[in-house]
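If you want the building blocks of each chain, they are given just below.
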Amino acid sequence: MILSVRNLCQGYSKRKDTLKDISFEAETGKVVSLIGPNGCGKTTLIKTICGIYDQRSGTVSVDNTPLCSMGRKETARTVGYVPQNVTYSGYSTVFDTVLLGRFPYVEWTYTKKDIRIASEALKCMGLEDLSGRDINHLSGGQRQKVFIARSLAQDPRFYIFDEPTNSLDLKNQLNMMKIMKDIVKEKKACLVVALHDLNLAMRYSDEVIILKDGFVFDNGPPEDVITVDTIEKVYGVRSKIFEENEGFFIHLYESID
Amino acid sequence: MNGPQNSDMIRFSDMLSEAKTDTSPEGIYVAGLRRKLLFIIIISIALICVAIISLGIGAVNIPVSDTVSAIAHALLPSHFAGPENEWYSTILFQGRLPRIVLAITTGASLAIAGSVMQGTLRNPLVSPFTLGVSSAASFGAAMSIVYGSSVFGALYFTQTTIGDYSLSFSTISTMIFSFITGMASIVLVLILGRKKDTSKSTIILGGVVVGYLFQAGVTFTKYISNDEALRDITLWLMGGTWNASWGSMIVLVPVVLITIVLLEGMSFKINTLSAGDDVASNLGVDVNKLRRDSLILSTFITSVCISFTGIIGFIGLMAPHICRMFIGNDSRYLFPASAVMGSLILLSSDTISRVIIAPSQLPVGIIMYIIGGIFFIWLISRKNVGEYW
């Protein structure tokens, strides 16, 4: 399946577009990273794809079916969203939160199958010991993992994550990307993920989309598009890229101005 | 994909079966459901007991055995004999039962409205009282008392009969006025808090401001009203269940029951709001419609009940929180539990206020604030609630 975004424009104020004519494709089986400086439109793009905002113009479609023509629940089974900052309410347990991911599949009430899937999602993120805990007793990183588990329970074709590594420590960042990469391969799904860490993007993505000021600056395989030149133009930062046994590594050392 | 088969459903019998020592996430979850169900059953039994006790006590104390036999006789006249004193039944069913029914309905309405508001606005401090709905509805009721006769003319003084019971149009008029002003307040609060990034405190602040606005209206209405209307308004504002009659219960009970069922039907969707509007909307919920519908319904039952009882605060805040501490935040269980808890609190307080200085009686609010406040302070100090929201 292919998620294709065509000539998408989006904005908050009437006069100014935050996203200008965005086009790209994301194919199942791949990890696609969205990178770019703060305020370049990553979050806006993600929320538009997930149907949280109505698009201003252009189309977001999966295999030629526009998302806006699908029913709400069908959309929910196609794209699954993990926000940058998780919201939660007191007295909700971890398991209840993960079970919410099954909402698009439920007719009347959760079935044993839903409970089994939610439980597997918890195990996948290594949270099974926390299942009965209140979500507000967890650390920020654990909460982030709960929300990722919730999207696993949602089992969409396209996982759309907005900076999911924000509050994770080093090991958890690597694990999360590894787990998602495996899931994407195994379930024939696709992960579209906004990242700040260029090294994570370099290491784990099959494709990188670079956004700058609401435009697609470049896209393609990570080693082709993440270059010293691009980093300087997009982020305004000087860098060096080394190739070692484990792949490419980006060293950032100076901001230009 | 397999459709949900019967064998795949979680049955009540599964939940109630012997506690398994299952420590897997599934096991813990099912055990949690069992605990929630048990909690609802226990407080329901407590409510029934309090209702029976409450029926028996008053100016004439009727033994519990006679109360039970009177109820059994009323339900199945052919199977059970009534109490020896026939006039017991009259006292019970004509005198006391309407009042008990009113306390139960009002407690349930205010509590479920509070838990719906807290859930949909993701804010632990909102309730019909803090959002200004109560003040607004009381302004509407005061308006009805003062201006009802001039708005509706002769119709205001007519009595309708439903079956054996009569219902005066002034009651209906108060309901209508209360609902209109109650809706106005919730719309005002929502407009004040419409921006996407509105903080929890802004909504509360909006509610407080709207509340004061309508309180000013109530004060003004009192100031310009004549002696008789002033007495009515003041009595009504104190809050109490002495207005109960079968005529009004015939209108109130079905209205409240239907609304509670509708709200319970939304509980599954309201759960998704706990993860934030964006996630809920990605999960396939029309967030704005859900919030609007559920707030309208909860404002509706709040205003309707308040038009009978006057201002009864605190239940909408207290009952949902007490239940949350025991069974968590799952709206599917929280809504019915809050409703029963609200009834239990209001009915107990009402019973005490009837007997504590018998033969005269206190407004129920006084007792409820005292008992409820002490209980709530105890709960808060027992579990460290500060970190919960």
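Residues numbered from 1 in each chain as written. Chains lettered and ligands numbered in written order. Predicted model: local features only at pLDDT ≥ 70, side-chain atom pairs only at ≥ 80, totals over all residues. Heavy atoms only, no water.

1. Here's the deal with the overall build of chain A
Per the secondary structure count, chain A includes nine helices and 12 strands. Taking 257 residues into account, the globule formula puts the C-alpha radius of gyration at 18 Å, and chain A, at 18 Å, falls close to it. Over its C-alpha atoms, taken along the principal directions, chain A stretches across nearly 55 × 40 × 35 Å. Residues classed as buried in chain A amount to 55% of the 257 residues present. When contacts within chain A are restricted to residue pairs at least 6 apart in sequence, long-range pairs at least 24 apart make up 64% of them. Carbon and sulfur atoms provide 47% of the accessible area of chain A, an area that totals close to 11,100 Å². Distance between charge centres in chain A, computed from 33 positive and 34 negative side chains, equals 5 Å. (Helix = DSSP H or I, 4+ residues; strand = E, 2+ residues; numbered from the N terminus. Rg over C-alpha atoms; globule rule 2.2 N^0.38 Å. Buried < 20%, exposed > 50% of the residue type's maximum accessible area, 1.4 Å probe, protein only. Contact = heavy atoms within 4.5 Å. Areas by Shrake-Rupley, 256 points an atom, 1.4 Å probe, with all protein chains shown as cover. Lys, Arg positive; Asp, Glu negative; His and termini not counted. Charge placed at Lys NZ, Arg CZ, Asp CG, Glu CD.)

2. A closer look at unusual backbone geometry
Residue and element names in this part refer to chain A. Even without being glycine, aspartate 21 reaches a positive phi, approximately 55°. Within the element layout of this structure, aspartate 21 appears in strand β2 (residues 19–27). By relative accessible area, aspartate 21 is classed as partly exposed at 44%. The residue aspartate 63 is not glycine, and still its phi comes out positive at about 45°. By secondary structure assignment, the location of aspartate 63 is in the loop between β4 (57–62) and β5 (65–66). Classification of aspartate 63 as partly exposed rests on a relative accessible area of 41%.

3. Concerning the packing of helix α4 (residues 86–120) of chain B against helix α11 (residues 287–309) of chain B
Residue and element names in this part refer to chain B. Direction vectors running N to C along α4 and α11 enclose 150°, while the axes themselves pass 9 Å from each other. One element, α4, and the other, α11, form an angle in the roughly antiparallel class. Considering the relative orientation of α4 and α11, their crossing is left-handed. Residues Leu102, Thr105, Thr106, Ser109, Leu110, Ile112, Ala113, Val116, Met117 and Thr120 of α4 pack against Arg291, Ser294, Leu295, Ser298, Thr299, Ile301, Thr302, Cys305, Ile306, Phe308 and Thr309 of α11. A class-by-class count of the residues in the contact of α4 with α11 yields 11 nonpolar, nine polar and one charged. (Axes fitted to C-alpha atoms, helices over the stretch in contact; angles between N-to-C directions. Parallel < 35°, antiparallel > 145°, perpendicular 65-115°, else oblique. Left-handed = near helix turned anticlockwise from the far one by under 90°. Nonpolar A, V, L, I, M, F, W, Y, C, P; charged D, E, K, R; others polar.)

4. Looking at the packing of helix α4 (residues 112–124) of chain A against helix α2 (residues 25–56) of chain B
Packing of α4(A) against α2(B) brings their axes to within 9 Å, and their N-to-C directions diverge by 130°. When the axes of α4(A) and α2(B) are compared, the pair comes out oblique. α2(B) is crossed by α4(A), and the crossing has right-handed handedness. Listed contacts from α2(B) to Ile115(A), Arg116(A), Ser119(A) and Leu122(A) of α4(A) are Pro25(B), Glu26(B) and Tyr29(B). When its residues are assigned to classes, the contact of α4(A) with α2(B) shows four nonpolar, one polar and two charged.

5. Re the confidence of the model for chain A
Low pLDDT means the predicted coordinates in that region are not meant to be read closely. Per-chain confidence: chain A averages 91 in pLDDT, with 100% of residues scoring 70 or above. Here strand β12 (residues 247–255) of chain A stands out as the element of chain A with the lowest mean pLDDT, 88, in contrast to strand β8 (residues 190–194) of chain A, whose mean of 96 is the highest. (pLDDT = per-residue confidence, 0-100.)

6. A short note on the sheet that holds strand β1 (residues 2–10) of chain A
The strands that make up a sheet pair up through hydrogen bonds in the backbone, lying either parallel or antiparallel. Residues and elements named next belong to chain A. Read across the open sheet, the four strands follow the order β2-β1-β4-β5; overall the sheet is antiparallel. Sheet topology places β2 and β5 at the edges, where each strand pairs with a single neighbour. By the bridge criterion, two bridges tie β4 to β5 in an arrangement that is antiparallel. Paired with serine 61 across the strands is proline 66, a residue of β5. (Pairing = 2+ DSSP bridges.)

7. Section: the pattern of salt bridges
All names here are of chain B. A full pass over the atoms with the stated rule returns 23 salt bridges over all chains. Where arginine 122 meets aspartate 277, a salt bridge forms, and the shortest distance between an N and an O atom there is 3.2 Å. Placement of arginine 122 in the loop between α4 and α5 (133–152) and of aspartate 277 in helix α10 (residues 277–282) is noted, with a sequence separation of 155 residues between them. Looking at arginine 122, the relative accessible area reads 16%, which means it is buried. (Salt bridge = Lys/Arg side-chain N within 4 Å of Asp/Glu carboxyl O.)

8. Brief notes about the sheet that holds strand β3 (residues 31–35) of chain A
Residues and elements named next belong to chain A. An order of β6-β7-β8-β3-β9-β10 is seen for the six strands of this open sheet, with the pairing classed as mixed. The sheet is open, and its two borders are formed by β6 (79–82) and β10 (215–220), each paired with just one other strand. Averaged over all neighbouring strand pairs, the angle between strand axes comes to 15°, with direction disregarded. Pairing geometry for strand β7 (residues 158–162) and β8, over five bridges, is parallel. Each bridged residue has a counterpart across the sheet, and for tyrosine 159 the counterpart in β8 is leucine 191. Sheet strands touched by helix α5 (residues 140–154): β6 and β7. Its angle to β6, the strand with the most contacts, is close to 170°. Helix α9 (residues 228–235) contacts β3, β9 (207–212) and β10 of the sheet and is inclined by roughly 35° relative to β9.

9. A closer look at the interface of chain B and chain A
If you look at the interface, chain B gives 40 residues, while chain A gives 44 residues. Between the two partners, chain B and chain A, sit three salt bridges. Close ionic contact of Asp286(B) with Arg72(A) constitutes a salt bridge, the shortest N to O distance being 3.6 Å. There are 10 residue pairs in polar contact (both at pLDDT 80 or more) connecting chain B and chain A. For the side of chain B that touches chain A, the secondary-structure elements that each account for two or more residues are α2, α9 (246–272), α10 and α12 (315–327) of chain B. No other element matches the five residues that α2(B) contributes to the side of chain B that touches chain A. (Polar contact = N/O pair within 3.5 Å; in protein donor to acceptor, adjacent residues only side chain to side chain.)

10. Details of the packing of aromatic side chains
Taken as a whole, this structure holds eight aromatic pairs over all chains when the rule is applied. Between the aromatic rings of Phe95(A) and Tyr29(B), the centroid separation amounts to 5.0 Å while the plane-to-plane angle is 45°, which identifies the pairing as tilted. Note that Phe95(A) is positioned in helix α3 (residues 94–99) and Tyr29(B) in helix α2, a pairing that runs across two chains. For the pair formed by Phe95(A) and Tyr29(B), the shared burial category is buried. With 5.1 Å between their ring centres and 85° between their planes, Phe179(B) and Phe300(B) make a pair best called edge-to-face. A residue pair is termed long-range when its members are at least 10 positions apart, and Phe179(B) in helix α6 (residues 169–192) and Phe300(B) in helix α11 qualify at 121 residues. Phe179(B) gets classed as partly exposed once you look at its relative accessible area, which sits at 24%. (Phe/Tyr/Trp six-rings, centres within 6.5 Å; stacked < 30°, edge-to-face > 60°.)

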